[in-house]
Amino acid sequence: MPPAGLPAPATAPKAKRSETTTGILYGIGAYGLWGLLPLYFLVLQPAGAVEIVANRVVWSLLFCAGLIAVTRSWGQLATAFRERSILLPLVTAALLIAVNWLTYTYGVTNGHAVEASLGYFINPLVSVLLGVFVLKETLRPLQWAAVGTGFVAVVVLTVSYGKLPWIALVLAFSFGLYGFVKKRVGPRLNAVASLTVETVVLAPFAAATMIVLGVTGAATLASNGAGHFWLLAASGVVTAVPLVFFGAAASRLPLTTIGMLQYFAPFLQFIVALTVLKETMTTERWIGFSIVWLALCLLTVDMFRTARKNAAIRKQARTA
């Protein structure tokens, strides 16, 4: 029995396991919601990609303003607009995520959901490339093998599609660059405040788009009944909630666990594209996707090996 006033030895590990379990649940929630996003776009028909993204921005801003009020994050928001080192990266991030949202929504609503899922499958490979060309990092052998395998996959899929899979590549690079830019902001801003700044930047363009669509008679927001209106209005919740979940997961889980969970979203998107949206997969495309998955396996093995090696080094340093 431990001395009076001291916790039992098992308390800390138990608390750590509890935090890890909570983080995994938040991570599954975030990536699960992102993975099921094509189903949401399906029920928004006949709204097109431009109208969906415009509504997504405007309603996200309103929802985030409510979250800022509830969490009392006005101070962080003011800091973001006051400090150029935070604001400028977030302006860039806003433009990148707008490109990402528009491309993804276009792909899903125009019969290219499988290709859209491919974009998020190859996103980790893009992150590795950004490390090489932007941060001047040196790749480990397995990382080189993964990138080379991914390049072969793109060639195979280009032959299969008869053209460069531009939807997948735009999604992968826009989201990869988005994550890279957001890392410059780091822990100085929470997820809600960060998303609020991004939607503030995009809101004038989104509002102008909604007005133009309304004036030209191309908008569906107010012309397809109350159900359609509220489904589009819910895009604010659909956008913000997974990001909040992701922030909660990232604060509780190691990078290797987050790295594994990130494959959950494109896998769900891929399944939805085949089973619900009934998109076809030719033999050549199956081969191309299989090569991509092989590249991800190599990247995952390298990630775990590096994490284990770093853990051993930290343990040795503590012992010393």
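The structure we're discussing is the one just above.
Residues numbered from 1 in each chain as written. Predicted model: local features only at pLDDT ≥ 70, side-chain atom pairs only at ≥ 80, totals over all residues. Heavy atoms only, no water.

**Remarks on the overall build of the chain**
- The helix and strand inventory of the chain stands at 15 helices and zero strands.
- Taking 20 Å as the expected radius of gyration for a compact globule of 320 residues, we find that the chain reaches 22 Å, a close match to that expectation.
- The C-alpha extent of the chain, read off along each of the three principal axes, is 75 × 50 × 40 Å.
- Counting across all 320 residues of the chain, residues that qualify as buried make up 43%.
- Taking all contacts inside the chain whose residues are at least 6 apart in sequence as the whole, residues at least 24 apart take part in 86%.
- Carbon and sulfur atoms provide 71% of the accessible area of the chain, an area that totals close to 16,600 Å².
- Distance between charge centroids for the chain: 12 Å, based on 23 positive and 9 negative side chains. (Helix = DSSP H or I, 4+ residues; strand = E, 2+ residues; numbered from the N terminus. Rg over C-alpha atoms; globule rule 2.2 N^0.38 Å. Buried < 20%, exposed > 50% of the residue type's maximum accessible area, 1.4 Å probe, protein only. Contact = heavy atoms within 4.5 Å. Areas by Shrake-Rupley, 256 points an atom, 1.4 Å probe, with all protein chains shown as cover. Lys, Arg positive; Asp, Glu negative; His and termini not counted. Charge placed at Lys NZ, Arg CZ, Asp CG, Glu CD.)

**Remarks on the nonpolar core**
- If you look at the biggest cluster of nonpolar residues, it comprises 58 residues, and the most contacted ones within it are Phe41, Tyr104, Val114, Leu118, Ile122, Phe289 and Val292.
- Core analysis: the second largest hydrophobic core is formed by 10 residues, Ile68, Leu90, Val185 and Val192 among them. (Core = buried A, V, L, I, M, F, W, Y, C linked by side-chain atoms within 4.5 Å.)

**Thoughts on the environment of Arg72**
- Relative to the elements of secondary structure, Arg72 occurs in the loop between α3 (49-71) and α4 (74-82).
- The exposure class assigned to Arg72 is exposed, which follows from its relative accessible area of 75%.
- In this structure the C-alpha to C-alpha distance between Arg72 and Asn224, which are 152 residues apart in sequence, comes to 36 Å.

**Notes on the packing of α4 against helix α5 (residues 84-109)**
- Relative orientation of the contacting elements α4 and α5 amounts to 85°, with a least axis distance of 5 Å. Taken together, the axis directions place α4 and α5 in an arrangement best described as roughly perpendicular. Contacts between α4 and α5 involve Thr79, Ala80, Phe81 and Arg82 from the first element and Arg84, Ile86 and Leu87 from the second.
- In the contact of α4 with α5, the residues fall into four nonpolar, one polar and two charged. (Axes fitted to C-alpha atoms, helices over the stretch in contact; angles between N-to-C directions. Parallel < 35°, antiparallel > 145°, perpendicular 65-115°, else oblique. Nonpolar A, V, L, I, M, F, W, Y, C, P; charged D, E, K, R; others polar.)

**Points about helix α11 (residues 225-233)**
- Inspection of α11 places His228, Leu232 and Ala233 among the buried residues, and these make up the whole buried set. Here the buried residues of α11 occupy an arc of 135° about the axis, which is enough to place them on one side. Seen from the open side of α11, the exposed residues pointing more than 90 degrees away from its buried face are Ala226 and Trp230.
- Where α11 is buried, its residues touch α2 (37-43), α3 and α12 (235-250). (Arc of directions from axis to C-beta.)

**Notes on the environment of Gly288**
- You can see Gly288 is positioned in helix α15 (residues 283-319).
- It is 5.3 Å that separates the C-alpha atoms of Gly288 and Leu157, two residues lying 131 residues apart in sequence.
- Here Gly288 is in contact with Ala153, Val156 and Leu157, once residues within four sequence places are set aside.

**Observations concerning the pattern of salt bridges**
- In total, this model carries two salt bridges according to the counting rule given.
- For the salt bridge of Arg140 with Asp302, the shortest nitrogen-to-oxygen distance reads 2.8 Å. Of the two residues, Arg140 is situated in the loop between α7 (123-133) and α8 (141-161) and Asp302 in helix α15; the sequence distance between them amounts to 162 residues.
- For the salt bridge of Lys182 with Glu198, the shortest nitrogen-to-oxygen distance reads 2.6 Å. Within this pair, whereas Lys182 is found in helix α9 (residues 166-185), its partner Glu198 is found in helix α10 (residues 191-215), the two being separated by 16 residues in sequence.
- Exposure remark for Glu198: the relative accessible area of 1% places this residue in the buried category. (Salt bridge = Lys/Arg side-chain N within 4 Å of Asp/Glu carboxyl O.)

**A look at α5**
- With 26 residues, α5 should cover 38 Å at 1.5 Å per step; its first-to-last C-alpha distance of 37 Å lies within 8% of that length.
- Downstream of α5 by one or two residues, Gly111 has phi in the positive range, about 80°. (Expected span 1.5 Å × (residues − 1).)

**Thoughts on the packing of aromatic side chains**
- Inspection of every chain in the model, using the stated rule, returns 18 aromatic pairs.
- For the ring pair Phe121 and Trp293, a centre distance of 5.9 Å and an interplane angle of 75° mean the geometry is edge-to-face. Within this pair, whereas Phe121 is found in helix α6 (residues 113-121), its partner Trp293 is found in helix α15, the two being separated by 172 residues in sequence.
- An aromatic cluster of at least three residues, connected via ring pairs, comprises Tyr40, Phe41, Tyr104, Tyr120, Phe175 and Tyr178.
- Over the aromatic face of Trp101 sits the side chain of Arg56, whose NZ or CZ is 4.2 Å from the ring centroid. (Phe/Tyr/Trp six-rings, centres within 6.5 Å; stacked < 30°, edge-to-face > 60°. Lys NZ or Arg CZ within 6 Å of the ring centre and 35° of its normal.)

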